[in-house]
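Here are the chains, one letter per residue:
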Amino acid sequence: MAVILFENLFMISKGFTLIEIIVVILIVGILATLSIRIYIDTTLTNFKLQAAKQTLVSDLKKIKSLAIQKQLPQKIIFPDYTIYEKHTTQNLWILTETNLSQIPKNIAIISTTLSDNQIIFNTDGTPYEDPQTDLPLQSLEDQITITRSITLQSSSNLEEIIYIIPDTGYVF
C-alpha cells in the first residue's frame, strides 16, 4: 500500500483536463474578438478619413474650376466650409454654397496654414490670399508662395493633410 501511494505522489500528469482546455479557448476567443473589433474600427475610421480627404480635394478642385469657368474669383472659408463668389459690379462676396459636401461627424478640419482659414482661387485658377481687402491679386506679395495645407483628423487621432501648390493651384 505504501508503494502505491508513493507512486501516485510522483506520477506526472499526461494531459490537460477538459475544463482547462475550455477556459483557454474562451480566453483566446475573447482576445480575438476584441482585437478584430479594434482592427475593424481603426480600418473603418481610416477609410472614412481617406474619403473625407478625397471629397475635400474634389471640392477644392471644383471651386478652382468654377473660378476659371465663370471668370469670377471663388473663396472657401474653413472650418465652416462655406463658398463665396466675387460679385462683379460690387466689391462683395456672395455666399454660393455651404457645406459643399458632407464631412463625417467623426472627422474634423483641425488646422490650416491658410491666412484667415480661407483660400481664394483667381480667374486663372491660381490661389491667392489678401484677407485684409479680399481684392483680386494686385501684386506678387498677395500671391501664395508657400505650399498651403489643410489637416483633417479622425476621432481616433489619425490625420490626413491636403496640400495646395502655390503657382498652379494644384490640390492633392
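Refer to the structure printed above.
Read on for a plain summary of the structure. (Residues numbered from 1 in each chain as written. Predicted model: local features only at pLDDT ≥ 70, side-chain atom pairs only at ≥ 80, totals over all residues. Heavy atoms only, no water.)

## Details of the nonpolar core
Alright, step 1. Membership of the largest hydrophobic core comes to 21 residues, with the highest contact counts inside it found for Leu56, Leu60, Ile76, Phe78, Ile150, Leu152 and Ile162.
Alright, step 2. Among the elements of the structure, α2 (18-70), β4 (107-112), β5 (118-121), β7 (148-154) and β8 (159-164) are those that each provide at least two residues to this core.
Alright, step 3. The greatest single-element share of this core, amounting to 7 residues, is contributed by α2.
Alright, step 4. Residues within four places of Leu152 in sequence aside, it is in contact with Leu49, Ala52, Lys53, Leu56, Ile107, Ala108, Ile109, Leu158, Glu159, Glu160 and Ile162. (Core = buried A, V, L, I, M, F, W, Y, C linked by side-chain atoms within 4.5 Å. Buried < 20%, exposed > 50% of the residue type's maximum accessible area, 1.4 Å probe, protein only. Helix = DSSP H or I, 4+ residues; strand = E, 2+ residues; numbered from the N terminus. Contact = heavy atoms within 4.5 Å.)

## A few points about the packing of aromatic side chains
The geometry of an aromatic ring pair is captured by two quantities: the separation of the ring centres and the angle between the planes.
Alright, step 1. Applying the stated criterion across every chain yields a total of 2 aromatic pairs.
Alright, step 2. Here Tyr163 and Phe172 contribute two aromatic rings whose centre-to-centre distance is 5.5 Å and whose plane-to-plane angle is 35 degrees, an arrangement assigned as tilted.
Alright, step 3. Tyr163 sits in the partly exposed class, given a relative accessible area of 33%.
Alright, step 4. Phe172 sits in the partly exposed class, given a relative accessible area of 37%.
Alright, step 5. Members of the aromatic cluster, joined through ring pairs, are Tyr163, Tyr170 and Phe172. (Phe/Tyr/Trp six-rings, centres within 6.5 Å; stacked < 30°, edge-to-face > 60°.)

## Quick notes on the sheet that holds β5
Alright, step 1. Spatially, the 5 strands line up as an open sheet ordered β3-β2-β1-β5-β6, and their pairing is antiparallel. What marks the edges here is a single partner per strand, and that holds for β3 (93-98) and β6 (127-128).
Alright, step 2. Note: strand β1 (residues 74-77) against β5, 4 bridges, orientation antiparallel. In the strand pairing of β5, Ile76 is matched with Ile119.
Alright, step 3. Lying on the sheet, α2 is in contact with β1, β2 (82-86), β3 and β5; it crosses β1 at an angle near 155 degrees. (Pairing = 2+ DSSP bridges. Axes fitted to C-alpha atoms, helices over the stretch in contact; angles between N-to-C directions.)

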